[in-house]
Amino acid sequence: MSEQVAGGSETQQRYNPAEIEPKWQARWDADPGLYAADRHDSGRPKFYCLEMLPYPSGQLHMGHVRNYSIGDALARFMWMQGYNVLHPMGWDAFGLPAENAALKNNTPPREWTLSNIAAMRKQMARIGFSYDWANEVTTCLPEYYRWNQWFFLKMFEHGLAYRKKSKVNWCPDCQTVLANEQVINGRCWRHDDTLVEQKDLTQWFLRITQYADELLNGLEKLEGWPEKVRTMQRNWIGRSEGTLVDFALEDAAGAGADQCPAITVFTTRVDTIFGATSIQIAPEHAVAKRFSEQDAVLAGQVDKMIAEQKAARESGDVGAIEKHGVSTGRLAINPFNGERVPIWVANYILADYGSGAIMSVPAHDERDFEFAAKYGLEVRRVIVPDVHGEELPPLPYLDEDASVLMNSGAWSGQSCREAQAAMGKHAKENKFGEPTVTYRLKDWGVSRQRYWGTPIPMVYCRNGHQGVEADGVVALPESALPVLLPEQVEITQQGGSPLGRLAGFVDTTCPVCGGPARRETDTMDTFVDSSWYFYRYTDAKNATAPFDSAKANYWFPIDQYIGGVEHAILHLIYSRFWTKVMRDLGLIENDEPATRLFTQGMVIKDGAKMSKSKGNVVSPDDMIARYGADSTRMYALFAAPPDRDLDWQEEGVAGISRFLGRVYRLTIKYAEQIRGTATGRGKQGAAGQALLRKLHQTIAKITQDFSGRWHFNTCIAAIMELVNTILDHEAAMDSGEVSAATVAEVFRTLTLLLAPFAAFLAAELWEQIGGEGAVFRVAWPVADAELARENEVEIPVQINGKLASVIKLAAGSDEEIIKAAALADPRIQARLEGRTLVKVIVVPAKLVNLVVK
RNA sequence: GCGAAAGUGGCGGAAUUGGCAGACGCACCAGACUUAGGAUCUGGCGGAGAAAUCCGUGGGGGUUCAAGUCCCCCCUUUCGCACCA
């Protein structure tokens, strides 16, 4: 295989990653068990290290390299710490780009996707990532997606999957429906500049709202997740406690009151209801529509408002639009005091939140105040601070914690909180309302009018099956799975799912009556695939179940999940939901998928996100070809702390490459000597002591950083310092002043410290210095505190907080000795001349501060 | 508008608990060496100053023997949410 360097010439001693890395890659490729996790009875503690799986675009980008380098360093470290590590990888392989590519290149999506996967797997191997490929998961294969269908049937059976007609988000570019989570500022998550439209369609939904409270409360326990992600999820769920109150329409106001006897408003401040001076309803509200039918002028104004709202949503500044409205001329009755208040239609009322109608209390709500000021509506104060000041606070007055009601009938004098509870109860008892909880979170629409996705395992019986389900919806039995995605399909971007044009797919028989039936032609959202893929990794070849519960229960929860923050409310909320559903189905025991989540920063270049249009894309292949994989990934870890954005500077990669070159030359120089030397410690001279001190300080620093802070940039800096120290003592090592055993310990340990960051080089050096077995299965070095201790310390001496001198003392000197030494220092004495020493502050081992006048 | 994070040399960044600001690396400058390499080695590198020394972590106040770090006010940038009743 590789040639030994024995007596090597200069050229042979030069660090050449282009030679070393492919050599080790070939060896690793030939050993599929190398990174395999042990079975769950290994007796070692488990560690599930997971990075978010990529979409197989065909090319790894720098963001992937960074993400996976972090995970790889951690996985290797945990192996060396003796853990049974599961470190899998897979492919989020369904999705629209495959269809676009099919149109463009006339390649079937499956073929395109699978060849991309092969290319990316090759790239990953070239970089040397430590994945257990035996458990690879590819979501577009029937072995995987049949379980999506299986879960869908389970959810249908438990009422968690249902069909309804509703307003849905439609991306004209994707030609499909999108979930709320996939709409970002009114635009499609795949198309930054495509405005999402609203359509009325019948679609499949998953009842994620059933878990809204648990998803919210569970966030409290996820202490290992970034606060930012938890906050985003909290806001997305948007729980709000309030009260629904029915305002009856006044009969005299118009005909048809019997058809719609009341407007239900939602409020979180029912305690302010005596201050309600109007009702405001959304332009899309059913009552607005009905009034419009009888009033052409109103109809025109309402339509205008709807159009304006739409335009504002599309231009992305919904919040900036001026509040305005129009009076309907009708009145509604406040059930708490019998008062008649005017009904308005206003543009700031959202149809899809709460009940689409509010009571307007100008005195105690900012928007209502603004609106009332504009239209001269009455502003009536009903809440005051509970401490009686001379002056009443200005309006709108919003406090509800230290305030009480006034002018509110029987509730006057009660605190806001008391009144909220009492008035909700009162409404319920008198049947004109009730306390309620609303959420911003909506059920997850999973139907997609696309081809390249999991077929939904439902059929529509042409016989109707009245009484069973509307539209003759019939669930397929488990035995009918998988519903295979046909392969010969003409992809177009128009006219709904291409599956609908395949008679062979659409036409089927009803599993209940045997009569003619039509298959569902929509496919599932790709986020279904990624909601549970990490469970499949624990048992990826299982042909009879999504996974074996015993295996999943051993590995779960994931100990460390690593990925980009862009999934904070997409994948990360869906997969939490899926976990809870699987738990309730009895498949798993954990409540949450991952104990710890780490979101790495973006890789940017010249201050901007890499993009083709900006022309600032740095290709990993390019970097690897020039500097090698070790230098590329080590730079990705060195250039910034992993949670921050990283500005890619090629000169920095070259710097890392030079550093690794120094390590290589130095280690090879002593390799033969190290091979022939047993470990062990004898007497040390000063140089040997200094080397071991730095070595053990470095071990301690890196070990500690791996336990949570993850500042790999400073870990690598520490290794560089260590190497600089070794270079400082090169002469002493050459002369034999440093013992051979110490030289051996230093280089063996250095190699181990490098292993998580520069896998190829570490493997090569480990072999060169005669190490046994795979370097990342060797026990991680343990820092010896005794060796790491400094025996002499430099203590700065300040005068009035400014540095005046530095004294050298034996470590552990007590306060008196430090103080005496500081005062005896000639530089200090000179500067104290003629001044009065007021106070001496001694911080042992840290500094001395002399306060003088 | 609300919320979060951040602001330190020419650049990326370090300083985990208040204790020598600028570790480590890049770029740059000077020199050495040479098989002229995408080398390597030595030294320098926050600002002002000949030096002693002084100034310096977005700005302004404060606490402290001591502040990049803690407190108050303000500015800027990035991200998230954005009429949520």
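Every chain's residues receive numbers from 1 upward, in the order its sequence appears when written. By the order in which they are written, chains take letters starting at A while ligands take numbers starting at 1. Per-residue local features of the predicted model are confined to residues with pLDDT of at least 70, and side-chain atom pairs are confined, for both listing and counting, to 80 or more; whole-chain, interface and lining totals are unaffected and use all residues. To get the side-chain values, all heavy atoms of the structure are used, and hydrogens and water are removed first.

Thoughts on the overall build of chain A
The secondary structure listing takes helices from DSSP runs of H or I that are at least 4 residues long and strands from runs of E that are at least 2 residues long, numbered from the N terminus. Check the secondary structure of chain A and you find 27 helices and 34 strands. Counting only C-alpha atoms, chain A reaches 110 × 85 × 50 Å along its principal axes. With 853 residues in all, chain A has 54% of them scored as buried. The accessible surface values rely on the Shrake-Rupley method and a 1.4 Å probe; as for residues, cover is taken only from the protein chains in view. Counting only carbon and sulfur atoms, one obtains 50% of the accessible surface of chain A, whose full area is about 37000 Å². For the purpose of charge, His is not counted, nor are the chain termini; Lys and Arg are scored as positive and Asp and Glu as negative. For this purpose, a charge sits on NZ of Lys, CZ of Arg, CG of Asp or CD of Glu. On chain A, the mean spot of the 90 positive side-chain charges and the mean spot of the 107 negative ones are 2 Å from each other. Relative accessibility thresholds used throughout: buried, under 20% of the residue-type maximum; exposed, over 50%; partly exposed, between the two (1.4 Å probe, protein chains only).

Section: the sheet that holds strand E27 (residues 597-600)
A pair of strands is considered paired only if DSSP assigns at least 2 bridges between the two. An order of E2-E1-E26-E27 is seen for the four strands of this open sheet, with the pairing classed as parallel. A single partner strand is all that each edge strand has here, and the edge strands are strand E2 (84-86) and E27. With direction set aside, neighbouring strand axes in the sheet form an average angle of 20 degrees. Any two residues whose heavy atoms approach within 4.5 Å are treated as being in contact. Fitted lines through C-alpha atoms give the axes, limited to the stretch in contact for helices. The angle between two N-to-C directions lies from 0 to 180 degrees. Against the sheet, helix H14 (residues 526-536) touches strand E1 (46-51) and strand E26 (560-564), its axis set at about 150 degrees to E1.

Here's the deal with the protein's contact with RNA strand B
Neighbouring RNA strand B are 51 residues, the closest being Thr268, Ile321, Arg367, Arg440 and Ala639. If even one non-hydrogen atom of a residue comes within 4 Å of a molecule or strand, that residue is called near it. Near the protein, within 4 Å, the atoms of RNA strand B are sugar or phosphate in 64% of cases. Under this definition, polar contacts are N or O atom pairs within 3.5 Å; protein pairs additionally need one hydrogen-donor-capable and one acceptor-capable atom, and for neighbouring residues in sequence, both atoms have to be side-chain atoms. In the environment of RNA strand B, a sugar or linking oxygen lies 2.5 Å from a nitrogen or oxygen atom belonging to the backbone of Ala639. Broken down by secondary-structure element, the contributors of at least two residues to the surface near RNA strand B are helix H8 (227-237), strand E11 (262-267), helix H19 (650-675), helix H20 (686-709), helix H21 (712-728), strand E31 (792-799), strand E33 (837-843) and strand E34 (847-852). Examining the composition of the surface near RNA strand B, we find that six residues originate from one element, H21, more than from any other.

Here we look at the pairing of strand E13 (residues 325-333)
Note that strand E10 (residues 240-249) and E13 share two bridges and pair antiparallel. Looking at the pairing, Ala248 lines up with Ile333 of E13. Connecting the antiparallel pair E13 and strand E14 (residues 340-346) is a turn made up of six residues, with Gly338 showing a positive phi of about 75 degrees.

Focus: the confidence of the model for chain A
Close inspection of predicted coordinates is inappropriate in any region flagged by low pLDDT. Values of pLDDT, which run from 0 to 100, indicate the predictor's confidence residue by residue. With 95% of its residues at a pLDDT of 70 or more, chain A has an overall mean of 90. Overall, residues 1-12 carries pLDDT values under 50, and its contacts beyond four positions in sequence, including any with other chains, amount to 13 contacts. Listed scores for the predicted complex are pTM 0.92 and ipTM 0.94.

Looking at the sheet that holds E33
The strand order across the open sheet built from four strands is E32-E31-E34-E33, with neighbouring strands paired in mixed fashion. Both edges of this open sheet fall to strand E32 (802-810) and E33, since each of them pairs with a single strand only. Adjacent strand axes in the sheet meet at a mean angle of 20 degrees, parallel and antiparallel pairs treated alike. Both E33 and E34 contribute to a ladder of six bridges, which runs antiparallel. Bridge assignment links Val843 to a residue of E34, and that residue is Leu847. Strands in contact with helix H26 (residues 815-824) are E31, E32, E33 and E34; relative to E32, the strand with the most contacts, it is inclined by about 125 degrees.

Digging into the state of the cysteines
For the purposes of this analysis, a disulfide is any pair of cysteine sulfur atoms at a distance within 2.5 Å. Throughout the structure, instances matching the rule amount to zero disulfides. Just so you know, Cys49 is unpaired, no disulfide at all, and the nearest cysteine sulfur is the one on Cys715, 15 Å from it. For Cys715, a relative accessible area of 0% translates into the label buried.

Points about the pattern of salt bridges
We define a salt bridge as a side-chain nitrogen of Lys or Arg found within 4 Å of a carboxyl oxygen belonging to Asp or Glu. Applying the stated criterion to the full structure yields 42 salt bridges. In this structure, Glu764 and Lys23 form a salt bridge, with 2.6 Å as the shortest nitrogen-oxygen distance. Taken together, the residues Glu764 in helix H24 (residues 759-768) and Lys23 in helix H2 (residues 17-29) connect sequence positions 741 residues apart. Glu478 serves as the salt-bridge partner of Lys154, at 3.8 Å between the closest nitrogen and oxygen. Of this pair, Lys154 sits in helix H6 (residues 142-157) while Glu478 sits in the loop between strand E22 (473-475) and helix H13 (503-506); the two residues are 324 residues apart in sequence, bridging distant segments of the chain. Put simply, Glu214, Arg576, Lys580, Arg583, Asp584, Asp591 and Glu592 are held in one network by salt bridges that share partners.

Some remarks on the packing of H21 against helix H23 (residues 740-754)
At a minimum axis separation of 11 Å, H21 and H23 run at an interaxial angle of 160 degrees. One element, H21, and the other, H23, form an angle in the roughly antiparallel class. The element H21 and its partner H23 pack so that their crossing is left-handed. Residues Ile719, Leu722, Val723 and Ile726 of H21 form the contact with H23, whose participating residues are Val746, Phe747, Leu750, Leu753 and Leu754. Here the term charged refers only to Asp, Glu, Lys and Arg, the term nonpolar to Ala, Val, Leu, Ile, Met, Phe, Trp, Tyr, Cys and Pro, and the term polar to all other amino acids, Gly among them. Taken together, the residues of the contact of H21 with H23 break down into nine nonpolar, no polar and no charged. Angles below 35 degrees are treated as roughly parallel, those above 145 as roughly antiparallel, those between 65 and 115 as roughly perpendicular, and all remaining angles as oblique. Helix crossings are classified by the rotation of the near helix relative to the far one: an anticlockwise turn of less than a right angle makes the crossing left-handed, while a clockwise turn makes it right-handed.

Structural notes on the packing of aromatic side chains
We call Phe, Tyr and Trp rings a pair once their centres come within 6.5 Å, taking the six-membered ring for Trp, and we label the pair stacked below 30 degrees between planes, edge-to-face above 60, and tilted otherwise. Within this structure, the stated rule accounts for 60 aromatic pairs. Centroid distance Trp79 to Phe776: 5.9 Å. Interplanar angle 55 degrees. Geometry classified as tilted. Here Trp79, found in helix H3 (residues 62-80), pairs with Phe776, found in the loop between H24 and helix H25 (785-788); they are 697 residues apart in sequence, far enough to count as distant. On the basis of relative accessible area, Trp79 is assigned to the buried category, the value being 3%.

What to know about H14
With eleven of its eleven residues buried, H14 lies for the most part within the structure. All of the buried residues along H14 are Thr526, Phe527, Val528, Asp529, Ser530, Ser531, Trp532, Tyr533, Phe534, Tyr535 and Arg536.

Some details on the side chain of Thr454
Structurally, the position occupied by Thr454 is in the loop between strand E20 (447-448) and strand E21 (458-461). By relative accessible area, Thr454 is classed as buried at 0%. A polar contact is formed between the side chain of Thr454 and the side chain of Asn148, at a distance of 3.0 Å. Those residues in contact with Thr454 that sit more than four places away from it in its chain are Phe94, Tyr145, Asn148, Gln149, Thr523, Met524 and Asp529.

Thoughts on unusual backbone geometry
Omega for the peptide link from Leu395 to Pro396 comes to 0 degrees, which places this bond in the cis form. Here Pro396 shows up in the loop between strand E16 (383-385) and strand E17 (403-405). With an omega of 0 degrees, the peptide bond running from Phe556 to Pro557 counts as cis. Here Pro557 shows up in the loop between helix H15 (549-555) and E26.

Quick notes on the environment of Leu476
Looking at the element boundaries, Leu476 is found in the loop between E22 and H13. Between the C-alpha atom of Leu476 and that of Gly601, which follows or precedes it by 125 residues, the distance is 44 Å. When near neighbours in sequence (up to four residues on either side) are disregarded, Leu476 contacts Leu153, Pro457, Met458, Val459, Val483, Pro511 and Arg519.

Observations concerning the nonpolar core
The nonpolar side chains of a soluble globular protein tend to be buried, and buried together. Counting residues in hydrophobic clusters, the biggest one holds 193 residues, and the most contacted among them are Trp444 and Trp648. The element best represented in this core is H19, accounting for twelve residues. When near neighbours in sequence (up to four residues on either side) are disregarded, Trp444 contacts Ala179, Trp204, Phe205, Leu206, Ile208, Asp525, Phe527, Val528, Ser531, Tyr574, Phe577 and Trp578. Among buried residues, those of type Ala, Val, Leu, Ile, Met, Phe, Trp, Tyr and Cys that are joined through side-chain atoms within 4.5 Å constitute a nonpolar core. Membership of the second largest hydrophobic core comes to 36 residues, among which are Val245, Val270, Met305 and Phe432.

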